[in-house]
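Here is how the chains run, residue by residue.
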Amino acid sequence: MELRRTMLFMPGNNPGMLQNGGIFGADAVILDLEDAVAPGEKDAARLLVAHALGNVDYGPSEKVIRINPLETFALEDIKMIVPCRPDALLVPKVESVQDIQKVAALIAASETPGQKPVGIVALLETPRGIAEAYPIAQADKRVVALALGAEDYTAGLGAKRTKEGSEIFTARTIVVNSAAAAGIQAIDTPYTDASDRAGLIQDTEFAKQLGFKGKLAINPRQIDDIHSVFNPTEQEIAWAERVIKAIRRAEAEGSGVASLDGKMVDAPIANRAERILHLARLLGMIEEAKG
Ligand SMILES: CC(C)(COP(=O)(O)OP(=O)(O)OC[C@H]1O[C@@H](n2cnc3c(N)ncnc32)[C@H](O)[C@@H]1OP(=O)(O)O)[C@@H](O)C(=O)NCCC(=O)NCCSC(=O)C[C@@](O)(CC(=O)O)C(=O)O
Ligand SMILES: [Mg+2]
């Protein structure tokens, strides 16, 4: 599975940001054709984003384009953008299985022979989208992640948006559970105050605790802080290695349960340890053989 600890938005009509977006080390860059671009600028932004895909080096960052909703400019976006070989499309305001199926069919019709299949990240940001989260997550094999958009969502609810986020708790757990049930990733809503580092870290820690695998970002300053929350710590890696050793020892003795520092270690705990070690390996924090 791709690393998507950070997915950095950049407005599709801002040549400076599109040019530099690859230098910040985000796991994914999102070139935005939707809400960051005014209706009158959609055609120009589409051309600019297509040009950036062909000419800007985004390094190892996954290249994701946020298209417009199906009922507005999605068709034009997909026709021009898909042949430029993005890795995935971020589809906003997804509300149903049919939305995903329509986008998947349009992508298939625009892919060129031999092209790596373009994935879909479904952005759930309406009450109906949250209500349909699991069917959406497993609507098509192109769907690689669900993302939560809390600003549009709380506007749709008529809820007050707060810093501590109690109004989005239910939506967050629904998104995480639906993604996990479908075997794909859940990506958390952006933290919109780009100057509030402490708030960002706290919000990201909570998202990680709930099971999110990454967070949307709006400013390059947010990237290192989000990564450091999602990266396993040295202590977590050491714990995971000890858990795996303990469970292997127990298995050799014919048991599925081990004791580590007086605490029970069994299959789900070993699975959690394996996930930590897998992430640590992906990040080059440990070598292959150590797991
Ligand atoms: C937030 C702010 C205005 C702050 O401005 P500031 O001026 O304070 O930025 P500074 O930090 O001072 O910039 C220092 C240097 O970094 C460069 N730089 C900044 N940001 C960069 C970037 N993103 N990519 C590359 N480069 C960047 C900048 O060009 C400068 O470069 P240089 O001049 O060379 O020094 C700015 O970051 C920004 O515009 N962000 C993107 C906003 C955006 O895309 N929003 C739409 C997507 S969210 C969304 O839609 C979610 C949702 O769907 C969710 C829902 O529904 O809930 C919804 O609907 O809301
Ligand atoms: Mg939105």
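Note that this is a predicted model, so its numbers are computed, not measured.

Caption draft 1: Here's a closer look at the overall build of the chain. Per the secondary structure count, the chain includes 12 helices and 10 strands. A globule of 291 residues ought to have a C-alpha radius of gyration of about 19 Å, and the chain, at 20 Å, matches this closely. Projecting the C-alpha coordinates of the chain onto the three principal axes gives extents of approximately 65 × 45 × 40 Å. Counting all 291 residues of the chain, 50% fall into the buried class. Of the contacts formed within the chain by residues at least 6 apart in sequence, a portion of 69% connects residues at least 24 apart. Separation between the mean location of the 32 positive side-chain charges and that of the 40 negative ones in the chain comes to 3 Å.

Caption draft 2: Looking closely at the coordination of the magnesium ion (ligand 2). Protein ligation of the magnesium ion (ligand 2) involves Glu125 (OE) and Asp152 (OD), the donor distances falling in the range 2.0 to 2.2 Å. Of this pair, Glu125 sits in the loop between strand S5 (119–124) and helix H5 (127–131) while Asp152 sits in helix H7 (residues 150–157); the two residues are 27 residues apart in sequence, bridging distant segments of the chain. By relative accessible area, which is 3% here, Glu125 ends up buried.

Caption draft 3: Up close: the packing of helix H2 (residues 42–55) against helix H3 (residues 74–81). Between H2 and H3, the shortest axis-to-axis distance is 10 Å and the interhelical angle comes to 25°. Considering the angle they form, H2 stands roughly parallel to H3. Crossing handedness for the pair H2 and H3: right-handed. Note on element contacts: H3 touches H2 through Glu76, Asp77, Met80 and Ile81, opposite Arg46, Leu47, Val49, Ala50 and Leu53. Residues belonging to the contact of H2 with H3 are distributed by class as follows: six nonpolar, no polar and three charged.

Caption draft 4: Quick peek at the pattern of salt bridges. For the coordinates displayed, the defined rule picks out 22 salt bridges. Here Glu167 and Arg161 are joined by a salt bridge, their closest N and O atoms 2.9 Å apart. Under the relative-accessibility criterion, Glu167 is labelled buried at 16%. Arg161 gets classed as partly exposed once you look at its relative accessible area, which sits at 28%. A salt bridge links Lys208 to Glu236; its shortest N-O distance comes to 3.8 Å. On the criterion of sequence distance, the pair formed by Lys208 in helix H9 (residues 197–210) and Glu236 in helix H11 (residues 234–252) is long-range, its members being 28 residues apart. With a relative accessible area of 29%, Lys208 lands in the partly exposed category.

Caption draft 5: Main features of the site of ligand 1. In the vicinity of ligand 1 lie 22 residues, with Phe9, Arg66, Glu151, Ile218 and Arg221 positioned nearest. A distance of 2.8 Å separates an oxygen atom of ligand 1 from a polar atom in the side chain of Glu125. A distance of 2.3 Å is found between an oxygen atom of ligand 1 and a backbone nitrogen or oxygen belonging to Glu151. For the shell around ligand 1, the secondary structure elements donating two or more residues are strand S1 (6–11) and H7. Considering every element that reaches the shell around ligand 1, the biggest residue donor is S1, with four residues. Of the residues assigned to the shell around ligand 1, the class counts are 12 nonpolar, three polar and seven charged.

Caption draft 6: Representation of the UniProt feature "binding site: Mg(2+)" (unreviewed entry) in the chain in the model. Per the UniProt record, the feature "binding site: Mg(2+)" (unreviewed entry) sits at Glu125 and Asp152. A compact arrangement is adopted by the annotated residues: their sequence extent is 28 residues, whereas the largest C-alpha distance between any two is 5.4 Å. Here the side chain of Glu125 touches Lys93 through a polar contact of 3.1 Å, landing on its backbone nitrogen. For Asp152, a relative accessible area of 28% translates into the label partly exposed.

Caption draft 7: Representation of H7 in the model. Residues of H7 that are buried include every one of Ala150, Tyr153 and Thr154, and no others. Looking straight down H7, one finds its buried side chains confined to an arc of 90°; they lie on one side. Along its buried surface, H7 packs onto H5, strand S6 (143–148) and helix H8 (169–182). Backbone geometry just downstream of H7 places Gly158 in the positive-phi region, at approximately 75°.

Caption draft 8: Geometry of the pairing of strand S3 (residues 62–66). With four of its five residues buried, S3 lies for the most part within the structure. Examined bridge by bridge, strand S2 (residues 28–32) and S3 share five bridges and lie parallel to one another. Across the sheet, Asp32 pairs through a bridge with Arg66, a residue of S3. Sheet topology places S3 next to strand S4 (residues 88–91); three bridges connect them, and they run parallel. When the sheet's bridge partners are listed, Arg66 is paired in S4 with Leu90.

Parameters at a glance
- Residues numbered from 1 in each chain as written.
- Chains lettered and ligands numbered in written order.
- Predicted model: local features only at pLDDT ≥ 70, side-chain atom pairs only at ≥ 80, totals over all residues.
- Heavy atoms only, no water.
- Helix = DSSP H or I, 4+ residues; strand = E, 2+ residues; numbered from the N terminus.
- Rg over C-alpha atoms; globule rule 2.2 N^0.38 Å.
- Buried < 20%, exposed > 50% of the residue type's maximum accessible area, 1.4 Å probe, protein only.
- Contact = heavy atoms within 4.5 Å.
- Lys, Arg positive; Asp, Glu negative; His and termini not counted.
- Charge placed at Lys NZ, Arg CZ, Asp CG, Glu CD.
- Donors = N, O, S within 2.8 Å, 3.2 Å for Na, K, Ca; no water.
- Axes fitted to C-alpha atoms, helices over the stretch in contact; angles between N-to-C directions.
- Parallel < 35°, antiparallel > 145°, perpendicular 65-115°, else oblique.
- Left-handed = near helix turned anticlockwise from the far one by under 90°.
- Nonpolar A, V, L, I, M, F, W, Y, C, P; charged D, E, K, R; others polar.
- Salt bridge = Lys/Arg side-chain N within 4 Å of Asp/Glu carboxyl O.
- Near = heavy atom within 4 Å.
- Polar contact = N/O pair within 3.5 Å; in protein donor to acceptor, adjacent residues only side chain to side chain.
- UniProt positions renumbered as here; feature names shortened; annotations may be inferred.
- Arc of directions from axis to C-beta.
- Pairing = 2+ DSSP bridges.

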